[in-house]
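What the coordinates show
Letter by letter, the chains look like this.
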Amino acid sequence: MNKPSGFKIYYFKTLTSTNDEAKRLAKNSIDKIIVIADKQTKGRGRFNREWVSGLGGLYMTIVLKEKNLDDVRYLTLIAAVSVAKTIKKLTKLNVLVKWPNDVLINDKKICGILTETISGKENYALVGIGLNVHQKNFNKNISNKAVSLKIITNKNYNINKIINEITKQFNNLYQYYKNNNYKQIINEWKKYSHTLGKKVKAKTLSGVYTGKAIDIDKDCNLILKLNNGKLKKIVEGDIFVV
Ligand code: BTN
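Just so it is clear, the model here is predicted, and its values are computed rather than measured. Residues take numbers from 1 onward in each chain, read along the sequence in its written order. Selection of residues for local features in this predicted model requires a pLDDT of at least 70, selection of side-chain atom pairs for listing and counting requires 80 or more, and totals for whole chains, interfaces and linings are taken over all residues. Hydrogens and water are ignored here; the side-chain numbers use all heavy atoms of the structure.

1. Topic: the site of the ligand
As a reminder of what qualifies: Summary of the distance rule: residues count as near a molecule or strand when at least one heavy atom falls within 4 Å of that molecule or strand. Using a 1.4 Å probe, accessible areas were evaluated by the Shrake-Rupley method; residue-level cover was limited to the displayed protein chains. Here a strand is any run of E in DSSP of at least two residues, a helix any run of H or I of at least four, and the numbering for each starts at the N terminus.
Surveying the vicinity of the ligand reveals 21 residues, the closest of which are Ser17, Gln40, Arg44, Arg46 and Lys109. Relative to its unbound accessible area of 420 Å², the ligand is 98% covered by the protein chains. Secondary structure elements with two or more residues in the shell around the ligand: α1 (18-25), β3 (57-66), β6 (108-118) and β7 (123-132). Examining the composition of the shell around the ligand, we find that four residues originate from one element, β6, more than from any other.

Rendered as structure tokens:
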């Protein structure tokens, strides 16, 4: 495969998880590598949920060596926008990003992102991207929430080409990150936002909050305007449009 944008590719037929392999590889000052697998036997999502990872999906983890890890949440936004731009370019479909880490088409999830970190003498950000490409159906418990490119367009795709395009888009937006131009990242994300302006329910570890999603702040938190008019900062959790 071509080496897109200075990233070195590590390709595997099967892995437990590309994020796991990325963790093993992230040492000795390695930087800008991408771990790819055709399938994963233990793909995972946020909150340790299962990410069903059979053949036909796209599974990749971008590994970046970072000085500090305070701002890695922006990398999740960058990854979501990169996937959205890639799908838009490929299919012209209306694709949106849902806070904090999903990409949606027709209100269904087509991609999830899991950003993890390794800290120590050297710090690494691991940005895992799972995109549903050729899946024809999903387990009963997610079939009304998940979708693939194949289900929507009835076409086949070259997964390597998709990876190249995502990487190219990611690398472009990553320059903003490197220059601490976080405002520009938020602006790019807002162009594709599914969440802002909607009345949502946020299920968080500390409770459930309902209100209008009015903004994301400079730390990538979602700001809700609650029914009583007060503002509530949502740091983590799942968002449902109500
Ligand atoms: C989520 O929606 O909760 C995040 C899903 C992230 C899935 C991707 S697939 C590639 C990488 N490896 C994993 O085990 N998870 C991420």
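2. Some details on the pattern of salt bridges
Put simply, the rule reads: For this document, the term salt bridge refers to a Lys or Arg side-chain nitrogen within 4 Å of an Asp or Glu carboxyl oxygen. In this scheme, a residue with accessible area under 20% of its type's maximum is buried, one over 50% is exposed, and one in between is partly exposed, where area comes from a 1.4 Å probe on protein chains only.
All chains considered together, the criterion is met by 14 salt bridges. For Glu116, the salt bridge identified is with Arg44, shortest N-O distance 2.6 Å. Of this pair, Glu116 sits in strand β6 while Arg44 is found in the loop between β2 (33-40) and β3, placing the two residues 72 residues apart along the sequence. Note on accessibility: Glu116 and Arg44 belong to one class, buried. For Glu188, the salt bridge identified is with Lys85, shortest N-O distance 3.0 Å. Note that Glu188 is positioned in helix α5 (residues 182-191) and Lys85 in helix α2 (residues 73-91), a separation of 103 residues in sequence. Relative accessible area serves as the criterion here: at 7%, Glu188 is assigned to the buried category. Through salt bridges with shared partners, one network takes in Asp20, Lys23, Arg44 and Glu116.

3. Remarks on the pairing of strand β1 (residues 8-15)
Put simply, side chains in a regular strand alternate between the two faces of the sheet. Short version of the rule: If DSSP finds at least two bridges between two strands, the strands pair. With strands facing away from the observer, any crossover in which the path from the first strand over the helix to the second runs clockwise is taken as right-handed.
Bridging between β1 and β2 involves seven bridges; their strand directions are parallel. Looking at β2, one finds that Phe12 is bridged to Ala37. The β-α-β motif built from β1, the intervening α1 and the parallel element β2 has right-handed crossover chirality.

4. So, the sheet that holds strand β5 (residues 102-105)
To be explicit about the condition: To get an axis, a line is fitted to the C-alpha atoms, and for a helix only the part in contact is used. The angle between two axes follows their N-to-C directions and goes from 0 to 180 degrees. Residue contacts are counted whenever heavy atoms from the two residues lie within 4.5 Å of one another.
Spatially, β1-β2-β3-β7-β6-β5-β4 is the arrangement adopted by the seven strands of the open sheet, whose pairing is mixed. Each end of this open sheet is capped by a strand with a single partner; those strands are β1 and β4 (95-98). Adjacent strand axes in the sheet meet at a mean angle of 20 degrees when their direction is disregarded. Where β5 and β6 come together, four bridges link them in antiparallel fashion. Among the inter-strand pairings, Ile105 is bridged to a residue of β6, identified as Lys108. Contacting β3, β4, β5, β6 and β7, α2 crosses the sheet at an angle of about 30 degrees to β7.

5. Points about the packing of aromatic side chains
Just so we agree on the cut-off: Put simply, two rings from Phe, Tyr or Trp (the six-membered ring, in Trp's case) pair if the centres are within 6.5 Å, and we call them stacked under 30 degrees between planes, edge-to-face over 60, tilted for the rest. As a reminder, the over-ring test applies to NZ of lysine and CZ of arginine, requiring each to be within 6 Å of the ring centre and within 35 degrees of the ring normal.
If you walk through the whole model with that rule in mind, you get four aromatic pairs. Ring pairs connect the aromatic residues Tyr74, Phe170, Tyr174, Tyr177 and Tyr182, which therefore count as one cluster. Over the face of the ring belonging to Phe240 we find Lys98, whose NZ or CZ atom lies 5.8 Å from the ring centre. One Lys or Arg, Lys203, reaches over the ring of Phe240 and ends 5.1 Å from the middle of that ring.

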